Amino acid sequence: MENYWPLFIEIMDKYWSVALAFILPCFVVFPTLATVRDQRGETLFQLNCSVCHAGGNNIIIPEKSLKKETLEENGMNNLNAIVYQIVNGKNGMPAFGGRLTEKEIQEIATYLLEASENNFQD
Ligand code: HEC
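What this report covers is the structure whose coordinates are included nearby. (Residues numbered from 1 in each chain as written. Predicted model: local features only at pLDDT ≥ 70, side-chain atom pairs only at ≥ 80, totals over all residues.)

With respect to the packing of helix 4 (residues 79-88) against helix 5 (residues 102-117)
Note the cut-off: A fitted line through C-alpha atoms serves as each axis, taken over the contacting stretch for helices, and the angle formed by two N-to-C directions is quoted from 0 to 180°. Secondary structure follows DSSP: runs of H or I at least 4 residues long count as helices, runs of E at least 2 residues long count as strands, and numbering of each begins at the N terminus. Here the word oblique covers every angle except those under 35 degrees (roughly parallel), over 145 (roughly antiparallel) and from 65 to 115 (roughly perpendicular). By definition, any crossing whose near helix is turned counterclockwise from its far helix by less than a right angle is left-handed, and any crossing with a clockwise turn is right-handed. Contact between two residues is assigned when their C-beta atoms, built from the backbone, lie within 7 Å. Throughout, the ten residues Ala, Val, Leu, Ile, Met, Phe, Trp, Tyr, Cys and Pro are labelled nonpolar, Asp, Glu, Lys and Arg are labelled charged, and all others, Gly among them, are labelled polar.
Relative orientation of the contacting elements helix 4 and helix 5 amounts to 130°, with a least axis distance of 9 Å. The angle between the axes of helix 4 and helix 5 places the two elements in the oblique class. Crossing of helix 4 against helix 5: the hand is right-handed. Taken together, the residues of helix 5 that come into contact with helix 4 (itself represented by L79, I82, V83, I86 and V87) are I105, Q106, I108, A109, T110, L112 and L113. Split by residue class, the contact of helix 4 with helix 5 holds ten nonpolar, two polar and no charged.

In structure tokens, the structure reads:
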């Protein structure tokens, strides 16, 4: 088998700046995308959920709030449980399964869990 290392090193020696030019923007682009995704979850929450859950409260059944401790008590402090309830609804809460995509529901649930960590104080 031929040894390609010298060739590889020669190319990297010449073109490392080109390689860097591709790699460095990734450090900017990916965190930005992550932020955009978080903001989308928040926006979707404002549009679909805040009618009943503004500020992490619950105007229909006040004791079923979205505060950290309440979610814990009700076993709702994980993505699966939250996604399930958004898709299927429960009692006074409508089902969003037909209205939102799976991805949107994931984004809302991710935002909700994060926001409940500091009880929607941000
Ligand atoms: C029409 C009012 C209404 C809307 C809109 C609504 N919910 Fe609810 N939500 C409720 C009610 C009522 C409950 C309590 C259900 C029960 O357990 O009996 C609840 C409970 C919850 C719970 C569980 C809370 C707990 O402590 O057990 C989560 C999580 C939740 N909603 C998330 C959402 C999300 C996310 C959206 C938007 C996609 C949403 N809700 C939209 C009325 C609503």
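There is more to say, and it comes next.
Focus: the nonpolar core
Convention followed: A set of buried residues qualifies as a nonpolar core if it consists of Ala, Val, Leu, Ile, Met, Phe, Trp, Tyr and Cys joined through C-beta atoms within 7 Å. Residues with at least 20 neighbouring C-beta atoms inside 10 Å of their own are called buried, those with 12 or fewer are called exposed, and the rest are partly exposed, where every C-beta is derived from the backbone.
Counting twelve residues, the largest nonpolar core consists of F45, L66, L71, I82, I86, I105, I108, A109, Y111, L112, A115 and F120. Contributing elements (two or more residues each) for this core: helix 4 and helix 5. The biggest single contributor to this core is helix 5, with six residues.

A few points about the site of the ligand
So the rule is basically this: Any residue whose backbone-placed C-beta atom lies within 6 Å of a molecule or strand is treated as near that molecule or strand.
Near the ligand there are 26 residues, and of these C49, C52, N91, G92 and M93 occur at the shortest range. Counting residues per element, the ones that place at least two in the shell around the ligand are helix 2 (50-53), helix 3 (68-73), helix 4 and helix 5. Residue composition of the shell around the ligand, grouped by class: 15 nonpolar, nine polar and two charged.

Quick word on helix 1 (residues 5-48)
So the rule is basically this: Each helix should span, by expectation, one fewer than its residue count multiplied by 1.5 Å. One axis is fitted to the seven residues ending at the residue and one to the seven starting there. The bend at that residue is the angle between these axes.
Over its 44 residues, helix 1 runs only 57 Å from end to end, short of the ideal 64 Å by more than 12%, given 1.5 Å per residue. The largest bend along helix 1 reaches roughly 70° and is located at Y15. For helix 1, the tally of buried residues reaches only two of 44 residues, placing the bulk of the element at the surface.

A look at the packing of helix 1 against helix 5
Two numbers describe how helix 1 lies on helix 5: the axes approach to 8 Å, and their chain directions differ by 95°. Taken together, the axes of helix 1 and helix 5 lie roughly perpendicular to each other. Residues R37, D38, R40, G41, E42, L44 and F45 of helix 1 form the contact with helix 5, whose own contacting residues are E104, E107, I108, T110, Y111 and L112.

Structural notes on unusual backbone geometry
Although it is not a glycine, N91 adopts a positive phi angle of roughly 45°. Here N91 shows up in the loop between helix 4 and helix 5. Given 7 C-beta atoms within 10 Å, N91 falls into the exposed group. One non-glycine residue, F120, adopts positive backbone phi at about 55°. Mapped onto the secondary structure, F120 falls in the segment after helix 5. The class of F120 is buried, set by 20 C-beta atoms lying within 10 Å.

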